[in-house]
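Chain by chain, the residues:
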Amino acid sequence: MGIRERLSGNEASAIAMKQINPDVVAAFPITPSTEIPQYFSSFVSNGKVDTEFVAVESEHSAMSACIGAEAAGSRAMTATSSNGLAYMWEMVHIASSSRLPIVMPLVNRAISGPLNIHNDHSDAMGIRDAGWIMLFSENNQEAYDNLIMAHRIAEHKDVMLPLTVCQDGFITSHSIENIELIEDEKVKEFVGQYHPEHYLLNSKEPIAVGPMDLQAYLFEHKYAEHQAMKNAKKVILEVAKEFEKMTGRSYGLFEEYKLDDCDVAIVCMNSTAGTTKVVVDELREKGIKAGLLKLRVFRPFPQEEIAKALSKVKAVAVLDKAESLSSCGGPLFTEVTSAMYVNNLNVPTAGYIYGIGGRDTTTKDISSVYEDLLEVVKTGKINNPYRYLGVKGVKNNGI
Amino acid sequence: MAYNLKEIVANKPSVFVSGHRMCAGCGAPIVGRMVMRALKEGDHAVVSNATGCMEVSTCIYPYSSWDCSYIHTAFECASATCSGVEAAYKSLKKQGKLKENENFKFITFGGDGGTYDIGLQSLSGAMERGHDMTYVCYDNGAYMNTGIQRSSATPHFADTTTSPAGEIIPGKMQIRKDLTEVMEAHHLPYVAQTAAFMNFKDLYEKAEKAIYTKGATFLNVLAPCPRGWGYSTDSLMDINKLAVDTCYWPLYEVENGKYKITYKPAKKLPIEEFLRPQRRFKHMFKPGNEWMIEEFQKEVDKRWQELLDLEELTNRE
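Values in this document were obtained by computation on a predicted structure and should not be read as measured data.

Definitions and cut-offs
Residues numbered from 1 in each chain as written. Chains lettered and ligands numbered in written order. Predicted model: local features only at pLDDT ≥ 70, side-chain atom pairs only at ≥ 80, totals over all residues. Helix = DSSP H or I, 4+ residues; strand = E, 2+ residues; numbered from the N terminus. Rg over C-alpha atoms; globule rule 2.2 N^0.38 Å. Buried ≥ 20, exposed ≤ 12 C-beta atoms within 10 Å, placed from the backbone. Contact = placed C-beta atoms within 7 Å. Expected span 1.5 Å × (residues − 1). Arc of directions from axis to C-beta. Nonpolar A, V, L, I, M, F, W, Y, C, P; charged D, E, K, R; others polar. Pairing = 2+ DSSP bridges. Axes fitted to C-alpha atoms, helices over the stretch in contact; angles between N-to-C directions. Core = buried A, V, L, I, M, F, W, Y, C linked by C-beta atoms within 7 Å. Domains from an automatic or database assignment. Parallel < 35°, antiparallel > 145°, perpendicular 65-115°, else oblique. Left-handed = near helix turned anticlockwise from the far one by under 90°.

Peer 1: Which parts of the structure should I look at to understand the overall build of chain B?
Peer 2: Scanning chain B for helices and strands turns up 12 helices and 8 strands. Over its C-alpha trace chain B gives a radius of gyration of 19 Å, about what one expects of a compact globule, namely 20 Å for 317 residues. Over its C-alpha atoms, taken along the principal directions, chain B stretches across nearly 70 × 55 × 40 Å. When burial is assessed residue by residue, chain B has 53% of its 317 residues classed as buried. Sequence separation of 24 or more characterises 69% of the internal contacts of chain B that already satisfy a separation of 6 or more.

Quick look at the structure:
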């Protein structure tokens, strides 16, 4: 039986990091993830961890130092949000292409500009093609659990890719909720020691990391990354199974909430799933078959599994907390519809951009999406699939 | 033991080995090789390298000219990368995860672009944090890797591809940033400016001191570039000597705040001696442009005098 606590999402992440006890943490403060390095540095100052804490002068240097530390043969972690991630974007690619299993809590916040400190997923979407495993978390418990599983996934010899654990800035990072923590000893045993095959500080085998990689080899190295990302799916599920044995808490690539018999379904990530569950329950009471697919693993993208899970649904809404400004839907929408297409599935699907810059998304908003979907089921017509939820001046969700 | 070039070369192999693809007459590989010779026998090194000439021509997959562990990440963050390696070393050593008797040294190389300009923040951060590492800037006075664009290390009036000597604007109109002094303002235990000069004694001894002084140390080393400066490849060492003898590039070190000029030319040569053999300053010798040489000389004199004053000031009893 775990330890019952009441913690914010940031505290939970910091405690997960304490229990993981990484060799190096290099971080720079940015709202709303600042508390994570703050809490963590107090663990360092009070001798609760063995970690070398590097208080770098920027996020770019945070990721650079993590790359150096991980390449040296140690476990390195950082945490960031929004522009911090944007600033380290260059290094985010170098971390993954150097096959360094760095783990990073990412507390999602809108990317400037103009400046905004509140939640949306535009920061995370900026690294969706960067070769990182990306896990999303509905609440503090999931943020904590995902972090405890992170190193086992990232450091698996068939994977060796960095991993980020996302949660919604302020909404879960600063909200105190009940949580069940795992005992320190159990975490230590579960996470295990890191024994890299090749590393800079191996005096018997000097290595070169990050060489000039030209036309003759870069393509093959990129292909190897692709294979690793493919392998990650299996590893994520294996680790989740072991985690369930330890905690009783079950994790998959996504959570299906009343999805198996539903007519209308919403696909979304992070805390909005909590709001959606409430609406699903309300609608079910009225006899409306509503369901939810809450995506946990965004990278690797489980396209085949998503298509299968949505195959019997009559209408789908994909909620995007990021505007890709392609003029035709957000990133999650295009990936879900693409998953359907390649799996020969033709379910009427609409995309909704919502919650940008921390705009509150209420149960009423979510209800309106299900109402829209019921209309689609009735008429068999989607009309405009590129919709907006909760933006001032746009009536009828932009349909 | 007194310094002896023959003995050093014969008995102290460098982990920076031949086979790299840097240009003939380039100052940088000489700097790299000599600095790495200062590594004591039995000690290991991890080299962090900023993107630049040295990086793109010494570690092209699947080859490497570095017989030690080497990491390159990007242009502006060689210092931060090195600081991460050093932090890992400290952490693993403290936890007993590395062998007690193994000694690693952490050395970063960057050109003036990766050091004076795009990498300045990362350098300043790593130095201020006091990582046990040595940063070596091989200063060739422009972005040579991308084709001779001006940097803040480019000397006044130099003709580069982004400060071309034109009819209206005669080359780079700004004076050179004095990075060695900027680094000294970090109050590091050891900061030095050197060059591959004469028998390499100055460079070798400063490298050894920098590597074996505990904490963050900084070396600024002149590294002429035949393509960017426009000199014949066989005159590299002459160019280095003229830079020092004209006091364009004074050799000095600052140990815990105390300045020591390690070479004072018996006869300080006029700056024309340094400028004339280089194509990048050719326009300065056209009739009517004498004022450019005068201004250049004035700046060199001013900085040399400042250095003499600092030496005097910091060594007062």
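What follows picks up the thread again.
Peer 1: Would you mind showing me how to read helix α10 (residues 272-285) of chain A here?
Peer 2: Counting along an α-helix, one turn takes 3.6 residues, and residues three or four places apart therefore face a common direction. Residues and elements named next belong to chain A. The end-to-end C-alpha separation of α10 is 20 Å, in line with the 20 Å expected for 14 residues at 1.5 Å each. Every buried residue of α10 is listed here: T272, A273, T275, T276, V279, V280 and L283. In an axial view of α10, the angular spread of the buried residues amounts to 150°, which keeps them on one side of the axis. The exposed residues of α10 that point more than 90 degrees off its buried face are V278, D281 and E285. The elements touched by buried residues of α10 are β10 (254-257), β11 (264-268), β12 (290-295), β14 (315-320) and α13 (363-379). A positive phi of about 90° marks G287, the residue just after α10.

Peer 1: Explanation requested: the interface of chain A and chain B in the structure shown.
Peer 2: Bring the parts together and some accessible area is lost; that lost area is often taken as the interface size. Taken together, the 39 residues of chain A in the interface contact 39 residues of chain B. If you list the elements that add at least two residues to the side of chain A that touches chain B, you get β2 (24-26), β3 (52-54), α3 (59-72), α5 (89-97) and β9 (208-209) of chain A. Among the elements that line the side of chain A that touches chain B, the one with the most residues is α3(A), at 10 residues. Partitioning the side of chain A that touches chain B into residue classes produces 23 nonpolar, 10 polar and 6 charged. Note that β9(A) and strand β2 (residues 69-71) of chain B share 2 bridges and pair parallel. Its bridge partner being in β2(B), A208(A) is matched across the sheet by Y70(B).

Peer 1: Looking at this structure, I do not really get the sheet that holds β10(A). What am I missing?
Peer 2: Two strands in a sheet stick together by hydrogen bonds in their backbones, pointing the same way (parallel) or opposite ways (antiparallel). Residue and element names in this part refer to chain A. Read from one edge to the other, the open sheet built from 6 strands follows the order β10-β12-β11-β14-β15-β16, with strand pairing classed as mixed. Whereas interior strands pair on both sides, the edge strands pair on one side only; in this sheet they are β10 and β16 (386-389). With direction set aside, neighbouring strand axes in the sheet form an average angle of 25°. Relative to strand β15 (residues 349-354), β14 runs parallel, the two being bridged by 5 bridges.

Peer 1: Teacher, can you tell me more about the nonpolar core here?
Peer 2: Nonpolar side chains in soluble globular proteins tend to end up buried together. Counting 228 residues, the largest nonpolar core has A26(A), I153(A), A265(A), V267(A) and V85(B) as its most contacted members. For this core, the domains that each give at least three residues are domain 1 (3-247) and domain 2 (254-398) of chain A. Excluding residues that lie within four positions of it along the chain, A265(A) makes contacts with L259(A), G291(A), L292(A), L293(A), L310(A), V313(A) and V316(A).

Peer 1: Help me understand the packing of helix α4 (residues 78-94) of chain B against helix α6 (residues 120-129) of chain B, please; the structure alone is not making it clear to me.
Peer 2: Two quantities define a packed helix pair, namely the angle between the helix axes and the distance between the axes. Here α4(B) crosses α6(B) at 35°, and the two axes come no closer than 7 Å. Touching S79(B), A80(B), C82(B) and S83(B) of α4(B) are S122(B), L123(B), G125(B), A126(B) and R129(B), all from α6(B).

Peer 1: So what exactly am I meant to see when it comes to the packing of α3(A) against α4(B) here?
Peer 2: Look at α3(A) against α4(B): their axes get within 6 Å of each other, and the N-to-C directions meet at 45°. Relative to α4(B), the element α3(A) lies oblique. Once α3(A) is placed against α4(B), the crossing between them reads as right-handed. Residues S61(A), S64(A), A65(A), C66(A), I67(A), G68(A), A69(A), A71(A) and A72(A) of α3(A) form the contact with α4(B), whose participating residues are A80(B), T81(B), C82(B), S83(B), G84(B), V85(B), A87(B), A88(B) and Y89(B). Taken together, the residues of the contact of α3(A) with α4(B) break down into 12 nonpolar, 6 polar and no charged.

Peer 1: Is there a simple way to explain the domain arrangement of chain A in this structure?
Peer 2: Residue and element names in this part refer to chain A. The domain boundaries assigned to chain A delineate domain 1 (3-247) and domain 2 (254-398). Taken over C-alpha atoms, the centre of domain 1 sits 28 Å from the centre of domain 2. Listed per partner, the contact involves 28 residues of domain 1 and 21 residues of domain 2. Contributions of two or more residues to the side of domain 1 that touches domain 2 are made by α6 (122-125), β6 (133-136), β7 (163-168) and α9 (218-247). Here the element with the most residues in the side of domain 1 that touches domain 2 is α9; it accounts for 5 residues. Partitioned by chemical class, the residues of the side of domain 1 that touches domain 2 number 12 nonpolar, 10 polar and 6 charged.

Peer 1: Would you mind showing me how to read the environment of G357(A) here?
Peer 2: Tracing the sequence through the fold places G357(A) in the loop between β15 and α13. Along the chain, G357(A) and S324(A) lie 33 residues apart, while their C-alpha atoms are 14 Å from each other.

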